[in-house]
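Summary of structural features
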Amino acid sequence: MNQQTEPPADEVRIRLPRGLARELFTLERDPLPKMSRPRWLAWLPHVVLCYVAIPCGVVTGLTLNDHYGVRGPALVALSLLTSVSVVLSMFRPIAAWWLGLVTAGLIAWAIHDHVGQGQSWPWSPAGPFTLAPVLLMVALRVPPRVTVSVIGITLTLNGLADIVLRPPQSQTIIGGAAIVFGFVGILGYALRATRLARGKLVEQETLTEEERARRTLLEERSRIARELHDVVAHHMSVISIQAQVAPHLVENPSQELKENLAGIRENALEALTELRRVLGVLRSEHPDDPANPHHPQPTLGELDGLVDNVRGAGLDVTTEIAGIRRPLTPGVELTAYRIVQEALSNALRHAPGSRVEVGIAYGPRDLHLCVANSAPTRSAPPSPGAGHGLLGMRERAGMLGGELAAGPRPDGGYEVSAVLPMDPPDLPAVPDPETKKAS
């Protein structure tokens, strides 16, 4: 076994500052995210920031003009740079911070010779507040360690300038700047953490919903397998019995015929045994399931009893059958009954007091089903179910090569329609995963 050695401590210390430096000097685009709710206010943060940029530039110009006597092109340029740094923070926060630092340095240089007794330097009275929106945008979109570094660099440069270049008659406001920058840093961190937590929650809810849908689909497939077991077992039993009786129906059957029929019966019995062994696991998990061997599988012949039960629950149900009613293959009968049953259950659960129409049409090649309900007359109680009944219906129809569609009606009701082939095609067998691995 290869042992993984830890990197040397000095290598770790070198690697971390390099990564931090890369984040502090990046010019990558990092747009301010829109508000998710309400949607009509999605661009509100961008609009507010643009409005904030205007007074930041105006206040900077007024402060330089009124307090320090700075006029001319320098006044206009510094005011514009202040506003541009705020606007730029919506798209490139780190670049906007550097621009804000350069602007603050230019302002300190421009007012250095104009500082009077008791006036602040290197910040003007409005300086920390005009840089605060930029720092807030940085804290909203970068990791906390980068935010701490940005605020630390800003205050460090402020302190160095105050120590080395401070005019004698000036007054320092580094303490007030530290309070303002610390507040916006904590506020940005809190808002960023809330946004990330909300995003993780939405992602987790999406994954949970997908997992629930996948689990419901697998459960429905398992239920279908248990129900179709009786159908397959019946046919395999018939094949076995016919193969056993066939030699007695032929006068003087040849030995080769007897051996072939015996082989057919043996293979049928082996297949039936294997089928019961595999499906027995599914049945043992749900001993009370209607798919139990002691429960006969329902057919469309039992539709009247199903409709009577739904009527007794409070729904007005009418049925209409078109075409020549005739027996269908067991799989089609079972699937048609289950689709109608699930559609009626959904109407009973989600549309109480509605009128339901059940239509069954026997065509030359297809069986057409339609279950439609009107708008509910009273509010439906909250349903504890997962809401994936349509998955099971579509799975049943698709298994036979049919189609199923469901959706709301213009009158506020809901409709489920399906088309099932009378003679389902032979679907290709699903390859066994273990066989795939072996090959």
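Structure shown above.
Presented here is an overview of the structure given in this document. (Residues numbered from 1 in each chain as written. Predicted model: local features only at pLDDT ≥ 70, side-chain atom pairs only at ≥ 80, totals over all residues. Heavy atoms only, no water.)

To continue, consider the overall build of the protein chain. Counting its secondary structure elements, the protein chain contains 12 helices and five strands. Out of the 439 residues belonging to the protein chain, those deemed buried represent 35%. Working note: accessible area of the protein chain is about 26500 Å², and carbon and sulfur atoms make up 61% of it. (Helix = DSSP H or I, 4+ residues; strand = E, 2+ residues; numbered from the N terminus. Buried < 20%, exposed > 50% of the residue type's maximum accessible area, 1.4 Å probe, protein only. Areas by Shrake-Rupley, 256 points an atom, 1.4 Å probe, with all protein chains shown as cover.)

With that settled, the discussion passes to the side chain of Ser-149. Examined against the element boundaries, Ser-149 turns out to sit in helix H6 (residues 144-164). The buried category is assigned to Ser-149, whose relative accessible area is 16%. For Ser-149, the residues in contact, after removing those within four places along its chain, are Leu-20 and Leu-24. (Contact = heavy atoms within 4.5 Å.)

What follows is about the packing of helix H9 (residues 303-312) against helix H10 (residues 330-350). For any two helices packed against each other, the geometry comes down to the angle between their axes and how far apart the axes lie. Packing of H9 against H10 brings their axes to within 11 Å, and their N-to-C directions diverge by 5°. Compared by their axis directions, H9 and H10 come out roughly parallel. Packed against H9, whose contacting residues are Leu-303, Leu-306 and Val-310, the element H10 presents Tyr-337, Val-340, Gln-341 and Leu-344 at the interface. Taken together, the residues of the contact of H9 with H10 sort by class into six nonpolar, one polar and no charged. (Axes fitted to C-alpha atoms, helices over the stretch in contact; angles between N-to-C directions. Parallel < 35°, antiparallel > 145°, perpendicular 65-115°, else oblique. Nonpolar A, V, L, I, M, F, W, Y, C, P; charged D, E, K, R; others polar.)

Here we take up the pattern of salt bridges. Scanning the model with the defined rule gives four salt bridges in all. Close ionic contact of Glu-23 with Arg-145 constitutes a salt bridge, the shortest N to O distance being 3.1 Å. Taken together, the residues span a long stretch of sequence, with Glu-23 in helix H1 (residues 9-24) and Arg-145 in helix H6 at a distance of 122 residues. A residue is classified by how much of its surface remains accessible, and Glu-23, at 26% relative accessible area, is partly exposed. With a shortest N-O distance of 3.9 Å, Glu-415 and Arg-409 are connected by a salt bridge. Residue Arg-409 is classed as partly exposed on the basis of its relative accessible area, which comes to 28%. (Salt bridge = Lys/Arg side-chain N within 4 Å of Asp/Glu carboxyl O.)

Looking at chain direction, strand S4 (residues 403-408) and strand S5 (residues 414-421) are connected through six bridges and run antiparallel. When the bridges of S5 are listed, Ala-405 appears paired with Ser-417. Where S4 folds back onto S5 in an antiparallel hairpin, the turn is made up of five residues, including Gly-412, whose phi is positive at roughly 95°. (Pairing = 2+ DSSP bridges.)

This part is about the sheet that holds S5. The strand order across the open sheet built from five strands is S1-S2-S3-S5-S4, with neighbouring strands paired in mixed fashion. At either margin of the open sheet sits one strand with a lone partner, and together these are strand S1 (316-322) and S4. Sheet twist, expressed as the mean angle between neighbouring strand axes with direction ignored, is 10°. Sheet topology note: the strand S2 (residues 355-362)/strand S3 (residues 366-373) ladder contains seven bridges and is antiparallel. Along S3, the bridge assignment pairs Gly-359 with Cys-370. The sheet strands contacting H9 are S1 and S2, and the helix crosses S1 at an angle near 160°. Packing against the sheet, H10 makes contact with S1, S2, S3, S4 and S5, and its axis sits at approximately 10° to S3.

Here we take up the packing of helix H4 (residues 93-111) against helix H5 (residues 127-141). Packing of H4 against H5 leaves a shortest axis separation of 9 Å and a crossing angle of 155°. On the basis of the axis angle, H4 is roughly antiparallel to H5. At the point where H4 passes H5, the crossing takes the left-handed sense. Between H4 and H5, the contacting residues are Pro-93, Ile-94, Ala-96, Trp-97 and Gly-100 on the first element and Leu-131, Val-134, Leu-135, Met-137, Val-138 and Arg-141 on the second. In the contact of H4 with H5, the residues fall into nine nonpolar, one polar and one charged. (Left-handed = near helix turned anticlockwise from the far one by under 90°.)

So, about the nonpolar core. Ranked by internal contacts, the top residues of the largest apolar core, which has 31 residues, are Leu-344, Leu-367 and Leu-369. Those elements that provide at least two residues to this core are H9, H10, S2, S3, helix H11 (389-399) and S5. No other element matches H10, which puts eight residues into this core. Formed by 29 residues, the second largest nonpolar core is a distinct cluster that contains Met-137, Leu-140, Val-142 and Phe-181. (Core = buried A, V, L, I, M, F, W, Y, C linked by side-chain atoms within 4.5 Å.)

Turning our attention to the side chain of Ser-83. Along the polypeptide, Ser-83 turns up in helix H3 (residues 73-88). Classification of Ser-83 by relative accessible area gives buried; the value is 15%. Sequence-distant contacts of Ser-83, defined by excluding residues within four places in its chain, comprise Ala-53, Ile-54 and Gly-57.

A cluster of nonpolar side chains, namely Trp-43, Val-47, Tyr-51, Ile-54, Val-58 and Leu-62, defines an oily patch on the protein surface of about 650 Å² accessible area. Structurally, Ile-54 is set in helix H2 (residues 44-68). By relative accessible area, which is 51% here, Ile-54 ends up exposed. (Patch = residues over 30% accessible without salt bridge, like charges linked within 9 Å, V, L, I, M, F, W, Y side chains within 5 Å.)

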